[in-house]
Amino acid sequence: MTSSRCARPIANLGIVSALTLFLGACGGGFNMSPTSQQPQEMAVEPERPATIRPDEIVGKWGLASYQNPNDRARTEKMALAQCKQPYTIGPGTAGGVVMHLADQATPQELRLKGSASGKNFIGPEGPPGGEQDREVVSFDGRVLITRFIDKDAGTRYGNMVYVRCGPRA
């Protein structure tokens, strides 16, 4: 049998243990509710119309790329020199444009997508800014500059500079 001298510390220890379990469950570290086991979905930005129409970028383009922003003007000249062997952006059958995705040998139809922030993206079906998309950094009708969203592709390809070959199509 326990003496009254030991009963109080044992009771205190029991209360502290119960409070620790209770507070631990409230802190999010130990939650037994079934909904806590499901991963939370990230909010997906709704697709908006792009401010660039597909027919504005269909045509033949000289293509080059740069990593350093100071090289942009020189790279535009290099892209223009590539008009001897132009990169063709074709019209898609479903209202998009036919271009290559990063590391893909076969071009496919991609969509122009807008975002709430006002940025434009070119990529496959899905929310704007997806991993396979490229962001339109700038477009003035004659020069189109894009950057891949995927960090690895963005590092390898840099900022892609498309300079229109001849008059607009």
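Look a little higher up for the structure.
The rules behind these values
- The residue numbering used here restarts from 1 in each chain and proceeds along that chain's sequence as written.
- Where totals are concerned, whole chains, interfaces and linings use all residues; where local detail is concerned, this predicted model gives features only for residues with pLDDT of at least 70, and gives and counts side-chain atom pairs only at 80 or more.
- For the side-chain quantities, the full set of heavy atoms in the structure was used; hydrogens and water were omitted.
- A pocket, in this scheme, is an open set of points on a 1 Å grid over the protein atoms alone with protein on both sides within 12 Å along at least 5 of 7 lines, while a cavity is a set where a 1.4 Å probe fits but cannot get out; residues line either one if an atom lies within 4 Å of a point.
- Grid points are joined across faces, edges and corners, and a volume is the space filled by probe spheres set on the points.
- As a working rule, the residues Ala, Val, Leu, Ile, Met, Phe, Trp, Tyr, Cys and Pro are called nonpolar, Asp, Glu, Lys and Arg charged, and the rest polar, with Gly in that last group.
- Each helix is a run of H or I in the DSSP string that is no shorter than four residues. Each strand is a run of E no shorter than two, and both are numbered from the N terminus.
- When two rings of Phe, Tyr or Trp (its six-membered ring) have centres within 6.5 Å they constitute a pair, described as stacked for plane angles under 30 degrees, edge-to-face for angles over 60, and tilted for the intermediate range.
- Partly exposed describes any residue whose relative accessible area lies between the buried limit of under 20% and the exposed limit of over 50%, with all areas from a 1.4 Å probe on protein chains only and scaled to the type maximum.

Trainee: Before we move on, can you summarise the layout of surface pockets with the specific residues and values?
Mentor: The space that makes up the largest pocket amounts to roughly 180 Å³. Every residue along the wall of the largest pocket is listed here: A50, I52, P54, A94, G95, G96, E109, L110, R111, L112, P124 and E125. Broken down by class, the residue content of the lining of the largest pocket amounts to seven nonpolar, two polar and three charged.

Trainee: Run through unusual backbone geometry, naming residues and quoting values.
Mentor: The backbone phi angle of D103 is positive, close to 65°, even though this residue is not glycine. Mapped onto the secondary structure, D103 falls in the loop between strand 3 (97-99) and strand 4 (108-114).

Trainee: How would you explain the packing of aromatic side chains if you had to name every residue and give the values?
Mentor: Scanning the model with the defined rule gives three aromatic pairs in all. A centroid spacing of 5.9 Å and a plane angle of 55° characterise the contact between Y87 and Y162, whose relative ring orientation is tilted. In this pair, Y87 is assigned in strand 2 (residues 87-91) and Y162 in strand 8 (residues 159-164), connecting sequence segments 75 residues apart. Grouping residues by exposure puts Y87 and Y162 together as buried. Judged by centre distance (5.4 Å) and plane angle (50°), the rings of F148 and Y157 are tilted. Using a relative accessible area of 26% as the deciding quantity, one classes Y157 as partly exposed. Pairwise contacts between aromatic rings join W61, Y87 and Y162 into one cluster.

Geometry only, nothing functional implied.
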